[in-house]
Amino acid sequence: MPRLIPRPYAAPTPYRITVLRMDPEAPTQNQQAKDVGKAILSGSAFSTMHRLHWLIIFLSLVVTIAAWRITSSQIQEKAANTYERETSKILDLVLERMQRYEDALWAGAIHINAIGGDIQYRDWKRYAEAVSIERKYPGINGIGVVHYVAPDRLHSYLTAQRVDRPSYRIHPDHDKQGFWPISYIIPEKGNEKAVGLDMAHESNRYAAAQLARDTGEARITGPITLVQDEQHTPGFLFFVPFYRSSTAPLNVEERRETFVGLIYAPFVVNNLVDGVLSRELRSITFSISDGSEEIFNEDAIAEHEFDNDPLFQSSSEIELYGRTWTFRFRSSKEFRRDLSSDQPMTILIGGILVDLLLLMLFVLISRNNRRNAHNAQMLLQAQKKVERANEELSHFNYRTSHDLVAPLKTIRGYVDLAKYQIEDKDIEGISDCLSRIGKQASRLEKLVEDLLNLCRIENQDSPPEAIDPHEIFDFVSSTLQSLWEEKGVQVTFENHLQAPFYAESVRVRQIMENLVSNGIKYSDPQKSERWVKVSFTPVREGWIRLEVADNGIGIPDESRDKVYEMFYRAGNNSEFGSGLGNYLVKKHVSSLNGTIDYRSSPQGTTFHVDIPAKMTGR
């Protein structure tokens with residue numbers, strides 16, 4: 001049994017209805033529209049124009065359009081040159097900065113060769129700090145040394161490293177022959193996780209390290225995630241080899257024989273780009289891919305400058321230390337703003353203004369006629385709306401007055417009757433009167449509630465929110481449970497949606513509440529089992545369906561056009577309600593841009609409400 005949730009009482013908000021009345025003596029808008037239409041169709045203004053005038057206007061327009069197109073073409077050419085210059089600048093800066101990084105790594109290798117072919121931790125730290133890499137080489141995460149350690153030298157290597165750093169260890173384990181650990185990296189702060197990391201544990205690192213050793217050239221890895229990068233963004237390592245030989249080895253065999261290790265630098269691609277290419281100095285955004293893997297995408301970073309329809313976009317490939325990087329460029333909103341020019345539009349508008357001076361009289365007459373025709377049409381439509389509103393309001397006032405007064409008169413009658421029964425001490429009669437007074441008060445309360453809902457319906461728009469179908473049914477059931485228990489109706493609910501959906505919850509709840517309430521009220525007392533079934537189902541992409549089915553008395557075919565009218569009640573039985581339920585449902589469905597339909601027979605009625613709704617994806 002669903003949980004009952006008491007609803008707090010909210011004081012009704014005062015509403016004012018303004019009645020618009022048309023002056024019956026004023027000329028009709030239909031006649032005004034006909035007069036204006038005749039003036040437009042007469043073409044009298046065109047008959048006064050000489051052919052020479054038309055020729056002058058035509059030639060003036062040709063000159064204006066030609067000047068506008070030439071100027072636009074020049075601006076487009078300028079924009080293309082600027083775009084080409086900026087993309088070339090980006091590529092040149094990347095290549096130049098990578099060359100500077102390479103020079104810094106080779107300087108480290110030369111330094112090691114100059115002091116005997118290898119270097120200890122303290123000496124490397126002094127050297128790296130003297131280089132001032134953070135100041136001179138922005139974008140670099142550090143500079144370090146990777147040693148190649150043969151299995152038979154592992155013990156002596158670890159002993160030597162642990163002289164200054166007792167906790168030093170090689171990690172992680174792998175099945176490769178030999179070890180390629182990071183012996184030192186400066187600065188140490190922020191790079192602690194990298195110390196002792198074995199290049200052989202991961203294919204991209206291992207392949208680039210071997211390639212640098214065998215070629216004697218600088219090499220970078222494929223895309224990797226640095227162990228010290230807490231953001232886990234794409235990065236790479238830059239290697240240059242150094243050897244025991246004082247002269248450069250001539251072939252692969254010599255290089256492998258004399259190989260000592262690598263000078264290396266780790267890079268986070270985002271930091272590299274920030275260090276090389278300040279975003280504030282560019283109006284071009286770009287992304288970088290290494291093979292099929294994207295390692296940088298500025299569009300995700302500079303989202304506010306992303307241009308869905310860029311003026312220019314292109315791609316370039318560069319061979320970079322054994323890898324192929326693909327740069328994809330696109331102009332940004334800033335580029336569009338910087339290169340926008342009013343000159344072509346000024347020429348175009350200036351030329352058109354010259355033509356307009358020649359046609360001023362015709363334009364003024366034409367514009368006046370069009371404005372009058374438009375105003376006449378708007379007034380005609382406004383009159384129809386007012387007449388329709390007045391008609392609805394008159395019907396509304398009559399029915400409301402009748403439906404409000406009827407219960408009050410009945411209550412007064414029962415109060416007078418109760419007075420006599422009190423004098424006669426007729427307890428049973430008094431109880432019956434009070435019961436009937438209560439029913440009439442409930443009917444009056446329901447009518448007032450529906451009238452307030454009707455007044456609020458146009459002004460209760462709220463932003464869509466996530467709706468759990470079970471929660472909204474629980475709310476409705478807490479409101480209507482006593483009604484369906486009184487009527488002996490079984491109400492069931494099924495939800496076939498995979499997740500909550502976004503819509504205006506107040507409107508969806510009132511739609512369900514009114515349809516379920518009608519299903520209960522119009523149940524068939526002749527049937528032994530009476531039920532109302534409520535369900536949510538997906539119907540198509542972006543749409544859901546609320547279905548409320550019952551096995552009640554059904555809706556007569558002749559009432560199909562009246563079901564959604566104000567104050568309509570099937571069978572005219574006042575016990576069934578105020579007659580505003582389906583009218584409110586139709587209003588809510590329209591406000592949600594949905595659709596409503598039903599099918600009915602003596603065996604029952606099924607309402608289908610289709611609502612556009614976005615699923616939450618949970």
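Here, every reference points to the structure presented above.
Small disclaimer: the values here were computed from a predicted structure and weren't measured.

Got a minute to help me understand the pattern of salt bridges in this structure?
Side-chain pairs of opposite charge can arise whenever the charged atoms involved come near each other. Overall, the coordinates contain 12 salt bridges when judged by the stated rule. Among the ionic pairs, arginine 126 bridges to aspartate 123, the shortest N-O distance being 2.3 Å. Within this pair, arginine 126 and its partner aspartate 123 are both found in helix α4 (residues 121-131), separated by 3 residues, close to a single helical turn. Among the residues examined, aspartate 123 registers a relative accessible area of 30% and is labelled partly exposed. Across the pair glutamate 504 and arginine 507 runs a salt bridge, and its minimum N-O distance is 3.1 Å. You'll find glutamate 504 and arginine 507 in the same group, each marked buried. Overlapping salt bridges, with partners in common, bring together Arg213, Asp214 and Arg256 in one network.

When you look at the packing of aromatic side chains in this model, what are you seeing that I'm missing?
Two descriptors summarise a pair of aromatic rings, namely the distance from one centre to the other and the angle between the planes of the rings. Under the defined criterion, the tally for this structure stands at 27 aromatic pairs. Between the aromatic rings of tryptophan 325 and phenylalanine 327, the centroid separation amounts to 6.5 Å while the plane-to-plane angle is 50 degrees, which identifies the pairing as tilted. For the pair formed by tryptophan 325 and phenylalanine 327, the shared burial category is buried. An aromatic cluster is built from Tyr101, Tyr137, Phe236, Phe238, Phe267, Phe286, Phe296, Tyr321, Trp325, Phe327 and Phe329, whose rings are joined through pairwise contacts. Here arginine 540 stacks its cationic end above the ring of tryptophan 543, 4.4 Å away from the centre of that ring.

Teacher, can you tell me more about unusual backbone geometry here?
Keep in mind that most residues, glycine aside, have a negative phi and that most peptide bonds are trans. Each neighbour pair has its own omega, and for histidine 171 with proline 172 the value is -10 degrees, a cis peptide bond. On the secondary structure map, proline 172 appears in the loop between α6 (154-161) and β2 (182-186). Cis geometry marks the peptide bond from isoleucine 186 to proline 187, where omega comes out at 0 degrees. Considering the arrangement of structural elements, one finds proline 187 in the loop between β2 and α7 (203-215). Positive phi outside glycine occurs at histidine 232, with the angle close to 55 degrees. By the secondary structure assignment, histidine 232 is in the loop between β3 (219-220) and β4 (235-243). Residue histidine 232 is classed as exposed on the basis of its relative accessible area, which comes to 60%. Non-glycine residue tyrosine 321 carries a positive phi angle of around 50 degrees.

Rules behind the numbers
Residues numbered from 1 in each chain as written. Predicted model: local features only at pLDDT ≥ 70, side-chain atom pairs only at ≥ 80, totals over all residues. Heavy atoms only, no water. Salt bridge = Lys/Arg side-chain N within 4 Å of Asp/Glu carboxyl O. Helix = DSSP H or I, 4+ residues; strand = E, 2+ residues; numbered from the N terminus. Buried < 20%, exposed > 50% of the residue type's maximum accessible area, 1.4 Å probe, protein only. Phe/Tyr/Trp six-rings, centres within 6.5 Å; stacked < 30°, edge-to-face > 60°. Lys NZ or Arg CZ within 6 Å of the ring centre and 35° of its normal.

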